Amino acid sequence: MNIHEYQAKELFKKYGVPTPRGHIAYTPDEAVKAAQELGGNIWVVKAQIHAGGRGLGGGVKLAKSTAEVKELASQILGMTLITHQTGPEGKLVQKVYVEEGADIKAEYYLGMVLDRALEMPVMMASTEGGMEIEEVAHNSPEKIVKVAIDPTIGFQGFHGRELAFGLNLPKEEINAFIKFASSLYKVYMENDAEMIEINPLIKTGDGKFLALDAKMGFDNNALYRQNAISEMRDLSEEEPTEIEAGNYGLSYIKLDGTVGCMVNGAGLAMGTMDTINYVGGTPANFLDVGGSASPETVAKGFEIILKDKNVKSIFVNIFGGIVRCDRVANGILEATKLTKVDVPVIVRLDGTNAAQAIEILNNAGISNIIAASDLEDGARKAVEAAAK
Ligand code: ADP
Ligand code: MG
């Protein structure tokens, strides 16, 4: 789960990670009020969407008067912001963060992620702040310093010094940086974060470190014990069909191809999508019905997949282990009664009672249900049907 910049900054404040002061606004008038409350004579109006690259897309703008704050807020609120992370369809801006303008003397990058290979969180810093870190990692990886932090000992001074040296900070600034980084480590660990990105971390004219931007992602499996974080969830930032699927215990991820996939198990989903690609097609989604492929879940699965108008065929690829294939076949027939399925459905069932299942499907005599003999055969048939 991801949160907005303004929410991440609120969390930062609780842990003593310095950020500029700011207020959230849903209307241009609220933006003006926010600016007046902050005082000063320079403000930044920032679109709040779950994507980076807002500055380049026109979603972060500097204002030199409250009249300008109002004008910029009315431009940004309601705009469909397109950045390299939103995809070509962009994202609707529903709120802006009005922040005091910071006096930027230097821009750095500071981030934290879980390194699954090391089994430890890693903190990363770079002098190349304000740029896309993926590009820095690609073109000049030596400009990124990384330290792995063993959670059993926690963040120590030497971790901070290693990062500070990597940033070429002068001696007198090192302690302030270590304090910043060690507070950030606390934010990460105590809230079960998966990712924090501060790009840019700035040094101000009076030598302070400030998180000018803040991006945070959390471990969904830990949300049950992070109520304060769960409450920050913004459903309007998520794919509506994915939320609906979640309510029915289905895992659904929307993709941009034409072959809908209904499978049981994430590994099989991966294999199915790979095979569809291998035979020249593109998967429209990843839908995992889980262990219980009952008529109701299968019907709900069809309904969700068919909400995507790009879907031209559906490939049902289910392995009957605990759930028997004949029951799944009957489930599919039942499901087509519950939901109008108007695209070809290619079904490959393997495992317990697979032969009976194929017989059931063939005997049903429904013309748009096509039985497949194996994975590759099914994928080919589904891709061919989608191309028609
Ligand atoms: P994004 O990464 O989505 O483009 P940022 O929060 O990093 O959004 O803002 C983009 C740029 O705008 C920053 O690199 C910085 O130069 C400028 N900026 C952002 N917030 C402020 C602020 N409070 N004061 C001054 N400049 C800012
Ligand atoms: Mg940024």
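Since the structure is predicted, the reported quantities are computational estimates derived from the model, not experimental observations.

Reading the values: the criteria
Residues numbered from 1 in each chain as written. Chains lettered and ligands numbered in written order. Predicted model: local features only at pLDDT ≥ 70, side-chain atom pairs only at ≥ 80, totals over all residues. Heavy atoms only, no water. Salt bridge = Lys/Arg side-chain N within 4 Å of Asp/Glu carboxyl O. Phe/Tyr/Trp six-rings, centres within 6.5 Å; stacked < 30°, edge-to-face > 60°. Helix = DSSP H or I, 4+ residues; strand = E, 2+ residues; numbered from the N terminus. Buried < 20%, exposed > 50% of the residue type's maximum accessible area, 1.4 Å probe, protein only. Near = heavy atom within 4 Å. Polar contact = N/O pair within 3.5 Å; in protein donor to acceptor, adjacent residues only side chain to side chain. Nonpolar A, V, L, I, M, F, W, Y, C, P; charged D, E, K, R; others polar. Domains from an automatic or database assignment. Donors = N, O, S within 2.8 Å, 3.2 Å for Na, K, Ca; no water. Core = buried A, V, L, I, M, F, W, Y, C linked by side-chain atoms within 4.5 Å. Contact = heavy atoms within 4.5 Å. Pairing = 2+ DSSP bridges. Axes fitted to C-alpha atoms, helices over the stretch in contact; angles between N-to-C directions.

(A) Spotlight on the pattern of salt bridges. This structure, assessed with the given rule, holds 25 salt bridges. Residues joined by salt bridges that share partners form a network here, namely Glu5, Lys9, Lys46, Arg54, Glu99 and Asp213.

(B) Quick peek at the packing of aromatic side chains. Using the criterion set out here, one finds 4 aromatic pairs in the structure. Summarising the aromatic geometry, the rings of Tyr108 and Phe209 are spaced 6.5 Å apart at their centres and angled 45° between planes, so their arrangement reads as tilted. With Tyr108 in strand β8 (residues 104–115) and Phe209 in strand β12 (residues 209–211), the pair connects residues that are 101 residues apart, well separated along the chain. Both residues of the pair, Tyr108 and Phe209, belong to the buried class. Where Phe155 meets Tyr185, the ring centres are 6.0 Å apart and the plane angle is 35°; that geometry is what we call tilted.

(C) How the structure looks around the site of ligand 1. Ligand 1 sits among 17 residues. The nearest are Lys46, Arg54, Gly55, Glu99 and Ala102. A distance of 3.0 Å is found between an oxygen atom of ligand 1 and a side-chain nitrogen or oxygen belonging to Asp213. If you list the elements that add at least two residues to the shell around ligand 1, you get β3 (43–47), α3 (54–57), β7 (96–100), β8 and β11 (193–204). Considered class by class, the residues forming the shell around ligand 1 number 6 nonpolar, 5 polar and 6 charged. Looking at the shell around ligand 1, you find at least three residues from each of domain 1 (1–20 + 103–237) and domain 2 (21–101).

(D) Representation of the coordination of the magnesium ion (ligand 2). The coordination sphere of the magnesium ion (ligand 2) contains the protein donors Asn199 (O) and Asp213 (OD), at a distance range of 2.1 Å. Placement of the pair is Asn199 in strand β11 and Asp213 in the loop between β12 and β13 (215–218), with a sequence separation of 14 residues.

(E) Examining the nonpolar core more closely. Counting residues in each nonpolar core, the largest one holds 41 residues, and the members touching the most others are Phe12, Leu110, Met123, Phe177, Ile196, Ile198 and Met216. Residue contributions to this core peak at 9 residues, all from helix α7 (residues 171–190). Excluding its chain neighbours within four sequence positions, the residues that come into contact with Leu110 are Met123, Met124, Ala125, Phe177, Phe180, Leu184, Ile196, Glu197, Ile198 and Leu201. If you look at the next biggest cluster of nonpolar residues, it comprises 33 residues, including Leu250, Leu287, Ile304 and Val345.

(F) Main features of the sheet that holds strand β18 (residues 345–351). Across the sheet, which stays open at both edges, the 6 strands sit in the order β14-β16-β15-β17-β18-β19 with mixed pairing between neighbours. The open sheet has two free edges, formed respectively by β14 (251–254) and β19 (369–371), since each of these has just one partner strand. On average, adjacent strands in this sheet sit at an angle of 15° to one another, irrespective of strand direction. Sheet analysis places β14 next to strand β16 (residues 285–288), joined by 4 bridges and oriented antiparallel. Along β16, the bridge assignment pairs Ile253 with Phe286. Along the sheet, helix α14 (residues 375–387) makes contact with β15 (259–263), β17 (313–320), β18 and β19, crossing β17 at roughly 165°.

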